[in-house]
Amino acid sequence: MTPSKAHWAGLLTLGLASALAAQSTLLIPDVVDSSTPGNSQIAAPFGVPNASRVQYLYDASHFTSQGVVAGMRIHSLRWRAQEGVGSAAALIPIITVRMSYAATDHAAASTVFDSNHGASLTQVYVGTVTVGGVGGTTPGGFLLEVPLSEPFYYDPSTGRDLLIDVTASPIPIIPPTAVTDADAAGGRGTVVSGAGSATTGSKSAIAPVIELGYEDAFVLPAISQGTTQAPNSFHTLPWRNLSWGTRVQFVYGATNFGGGAGERIRIDRLRWRSDDQAGAAASYGNVRIALSTAARPQQQLSPNFTDNIGLDRRVVYEGDVAVQAVGAGRSRWYVDIQLDTPFYYDPSAGDLLVDVGVDGNGWSGTVPGYGARFSQMQADASMLYGSYDYDGASGTVINDWAPVLEIGYERSPRPVTLPIDVADGSEGNYSWAYPWSSPTAPGCRAQYGYDSSHFTAQGIEGPILIEKLRWRAQGHIVSLPVTFSDVPVRMGTVPDHRAMSTTMANNLTNAKDVFRGRLRVQAPTGTTPNSWFIEVVLSQPYLYDPSTGEDLFFEFRVDRTLMSPNVGIATVNAVQNADATMVLATWGANALTGSKFDDVPVIQLDYSTPRALCTGVGGDFETQIPGIAHLFNVDVTSPSGVLLREIGIHTSTPGPLTARVYYRPDTYVGATANITAWALLSVANGEGAGAGKLSMLDIDDTWLPPGSYGFAIEYTTPTVRYTQSTGPRHETPALTIRDIAVQASPFQSVQLFPGTWNGCLIYETAGFYQPYARGCLGSAGVASNFATTGRAPRLGNELEIQFGNLPATSAVIMSVGFDTTSWSGLPLPLDMAPYGLPGCTAYYAPLYPIFLNVSGGVARWQWLLPTDPALAGLPFYTQAFVPDPGRNSAGGVLSDTAIGVIGG
């Protein structure tokens, strides 16, 4: 362990004993209270016999009028019954609740359900609820309560309305008069209701009476979000530095995050609060904000800026910042910054550092007010400021002062539990010893297939990036911790898990390597349900889309001879008859065939939603011309580049779909009749989903550095729909699609006519490390090359690279390179046969040798990446020379080549 890591280890306990964040309740609409009933009623979805869907839209003023002037994390919902009417209890087998910022004002809500959802659409609950069981009081008692499994962050000060979307299954026993208290809400609420399977409903200007349980947003230092004034004191930096510039660091103690201690969050927004003095508007043209876990606690802040920066430093914003005008006597959120890239922060790992540099040369406007007031009484925060220098190296430390800052965030990544039978946290009904606790050497090989309905039933209806896997131990069981030195994991899809073959290779048609490396099995807690005692952070996140109907597939190979210490492991919690299948071979990690079972382990997946740039779904024109192609130009504006993973196509009818995706540098203009000017990116095959849906096709993962590219998508299946008109530009902060055109015969004709492509590009912007080219065969197979430490590489993070499948040797020689065009004057790729390495190819120019020791058939290299922002987006390549005496005249072979791109 390096000294810097040892220092970080000393910070791991920070925040674990913190108090919970302030918790409150709020009753909406704001025209009712605990003693005032509503003036209307709603029966759906809790007092009707059939499945139903209801959307409630509440104007933001219902919150701000009750003093909620910042963000809130909503964690529970309670519906109030109609006053004066009793109701018996009944069980709703399953309801699904989703929440979002409404796409429009509530008064302009659409009768098309999905058109009303806007930003941050989140499934917050799926499961059973009991409705009814209340007496006939006035106001009515609470008819039902839904504790959200996924809290929802809502900020009414944005002016955007809150949308709550509820779908309920039929109620077997209808509770008499189970109707919900409602109110006309002064014209500030809307309900859209319809049948459970309907896509549209009817609209009325009422709103049900709901009590929200919520926590204060993370306003730092930890003061009540409803506080009118920022307390104690004020300071003028960084937003009143005028023309001379400044750099300021603020460190907030992890305990400011209250109930978030130990909970990883994704920070995507920062807001500063003004003091109570008036100030005019201004703007700054060159602002740089970086976040990190502080390298030292806030009480030990160093006067040297660099000393305080953690290894996970990330530049999250660069550009203009507007300071809003504020009036005297009222503090407001007067600086509001949506981050270019999010920052993932875990309070249990240390304090939060906010590093702001403001270039005074970019300042314009009149003098703003005195800036945000700073709390200096038990604020659990510190600041370091260096006036007059945007890139200052040192400054003055002030302990216990920091601006009042609001953090916009969401928990990340989100978990989903399989099978659906245990998604509510209940215990499974069976247990398995395999693959982790297979009792005898040489171990086993296991394949699992989970029906796509396990995802769609939990509200996951589009593509997700699976990042982490966990297994749960059987209830009450305890065991010792152990380590496996080499575990390979694959993921893919199968058409139907029930048709999985007992010949294991037959199930691997589209499987991808997602992990190979050491695996630590923790000691389970012995509770019921038991703890997640096995965790795998994927080296390559896996993109899965359950809406295609394809079932999710896993393969795990566990070699008991590579386990230390050689002791028993707790059995795995499992479920029988779970609409899932396992193929298991218990006689070795490399077995070829196995037996089928309908029992599967309880697995939890951590996932995130991939980024997408979509040009729409729909279209007024249906082509019947085989070979038609869409052409468009793509601008990659992300400084780290983007990794393309999938494309979405809109078809007219369900059925087989094939698309050939081409690209070239700069633009498609001038190259529409010359196929030699293009590179084939991928041939994507899949099933068309039909009208009104996107058909997701997996393409070869392709990294595009910043720049412009021409794209051509050729369809060999004549069912594509698109809009027959000139399309607009489509933009995200990372990508732009522009200049869309249609060509009837790609690369054979220059005939172009207007058309808008109706589809999506699915992409990532973070750094990555993945296979680039295959190595050559050695006596132990082809030497593998992969990352073992998650999704990295990123600035300031440690990347661990492992070379596996190595023959008996004491060392390998690896190298890092950046040039794939030439090596010592020779063009690349270079056939290495003339140099004694037949069948081997060099793909980059190695810079210098790195000697790695081999143990147990593997060699590892740890690389602590620097924090220089200029390196974001830099591609690099790795490969190893593996000594293999007698294999050829050179006495060795070359491993797989991998490409990495450093994330910002």
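Rules behind the numbers
- Residue numbering note: each chain is counted from 1, following its sequence as written.
- The model is predicted, so local features are restricted to residues of pLDDT at least 70 and side-chain atom pairs to those at 80 or more, both for listing and for counting; the totals for chains, interfaces and linings are taken over all residues.
- Excluded from the side-chain calculations are hydrogens and water; all other atoms, namely the structure's heavy atoms, are used.
- Put simply, DSSP H or I for four residues or longer makes a helix, DSSP E for two residues or longer makes a strand, and each gets a number counted from the N terminus.
- Only protein chains enter the accessibility calculation, which uses a 1.4 Å probe. A residue is then buried if its area is under 20% of the maximum for its type, exposed if over 50%, and partly exposed in between.
- Residue contacts are counted whenever heavy atoms from the two residues lie within 4.5 Å of one another.
- The rule is short: rings of Phe, Tyr and Trp, with Trp giving its six-membered ring, pair when the centres are within 6.5 Å, and they are stacked under 30 degrees, edge-to-face over 60, tilted in between.
- Any Lys NZ or Arg CZ found within 6 Å of a ring centre and within 35 degrees of that ring's normal is scored as a charge over the ring.
- DSSP bridges decide pairing: two strands pair if at least two such bridges lie between them.
- Angles run from 0 to 180 degrees between N-to-C directions of axes, and those axes are lines fitted to C-alpha atoms, restricted for helices to the stretch in contact.
- Salt bridge, as used here, is a side-chain nitrogen of Lys or Arg placed within 4 Å of a carboxyl oxygen of Asp or Glu.
- Here, the term nonpolar core denotes a set of buried Ala, Val, Leu, Ile, Met, Phe, Trp, Tyr and Cys residues that are joined through side-chain atoms within 4.5 Å.
- Criterion for a disulfide: a pair of cysteine sulfur atoms within 2.5 Å.

(A) Region of the structure containing the environment of V536. Mapped onto the fold, V536 is located in strand β34 (residues 532-544). The buried category is assigned to V536, whose relative accessible area is 1%. As a C-alpha pair, V536 and V489 span 47 residues in sequence and 9.1 Å in three-dimensional space. Not counting residues within four places of it along the chain, the set of residues in contact with V536 comprises E467, K468, L469, W471, F515 and L519.

(B) Expanded view of the packing of aromatic side chains. Scanning all chains against the criterion turns up 27 aromatic pairs. Between Y430 and W432 the ring centres are 6.3 Å apart and the planes differ by 75°, which places this aromatic pair in the edge-to-face class. Exposure remark for Y430: the relative accessible area of 35% places this residue in the partly exposed category. Seen from their ring centres, Y772 and Y843 are 6.2 Å apart, and the 85° between their planes marks the pair as edge-to-face. Of the two residues, Y772 is situated in strand β55 (residues 768-773) and Y843 in the loop between β64 (841-842) and β65 (846-853); the sequence distance between them amounts to 71 residues. Here the aromatic cluster, defined as three or more aromatic residues joined through ring pairs, consists of W436, Y448, Y450, W471, F484, F554 and F556. The side chain of R78 reaches across the aromatic face of F142, ending 3.7 Å from its centre.

(C) Geometry of the pairing of strand β18 (residues 282-293). Where burial is concerned, most of β18 is hidden: nine out of the 12 residues are buried. In terms of strand pairing, β18 meets strand β19 (residues 314-323) through eight bridges, oriented antiparallel. Bridge pairing in β19 places A282 opposite V323. Across seven bridges, the pairing between β18 and strand β21 (residues 352-358) is antiparallel. Opposite I289, over in β21, you have V356 as the bridge partner.

(D) Local environment of the sheet that holds strand β8 (residues 162-168). A sheet is described by the order of its strands in space; here six strands give the open sequence β6-β5-β8-β3-β10-β11, paired in antiparallel fashion. In this open sheet, the two edge strands, each paired with only one partner strand, are β6 (122-131) and β11 (202-204). Strand-to-strand twist across the sheet, computed as the mean angle between neighbouring axes with direction ignored, equals 20°. Two elements, strand β10 (residues 189-195) and β11, share three bridges in a ladder whose sense is antiparallel. Pairing of V192 across the sheet is with K203, part of β11.

(E) Local environment of the pattern of salt bridges. All told, the structure shown has 25 salt bridges when counted by the stated rule. In this structure, R269 and D336 form a salt bridge, with 2.5 Å as the shortest nitrogen-oxygen distance. With R269 in strand β17 (residues 265-273) and D336 in strand β20 (residues 333-345), this pair connects stretches of sequence that are 67 residues apart. Across the pair K512 and D698 runs a salt bridge whose closest N-O atoms are separated by 3.2 Å. One end of the pair, K512, is in strand β33 (residues 512-521); the other, D698, is in strand β48 (residues 694-704), and 186 residues separate them in sequence. For D698, a relative accessible area of 38% corresponds to the partly exposed category.

(F) Spatial organisation of the nonpolar core. Core analysis: the biggest nonpolar cluster contains 87 residues, and W239 and W272 have the highest contact counts within it. Among the elements that take part in this core, strand β7 (residues 142-154) stands out by supplying seven residues, more than any other. Among the nonpolar cores identified, the runner-up in size contains 50 residues, and I534, V558, L584 and V602 belong to it.

(G) Quick peek at the sheet that holds strand β66 (residues 859-864). An order of β58-β59-β66 is seen for the three strands of this open sheet, with the pairing classed as antiparallel. Only two strands of the sheet have a single neighbouring strand rather than two, namely β58 (784-787) and β66. Averaged over all pairs of adjacent strands, the angle between their axes in this sheet comes to 20°, without regard to strand direction. Pairing of β58 with strand β59 (residues 798-804), which is carried by four bridges, proceeds in the antiparallel orientation. Its bridge partner being in β59, F786 is matched across the sheet by Q802.

(H) Region of the structure containing the state of the cysteines. One pass over the full model with this rule turns up one disulfide. Put simply, C776 and C840 are joined by a disulfide, and their sulfur atoms are 1.9 Å apart. Between C776 and C840, the S-S torsion sits near 90°, and that sign places the bridge as right-handed. In this pair, C776 sits in the loop between β55 and β56 (777-778) while C840 sits in the loop between β63 (830-831) and β64, placing the two residues 64 residues apart along the sequence. According to the relative accessible area criterion, C776 is buried, its value standing at 5%.

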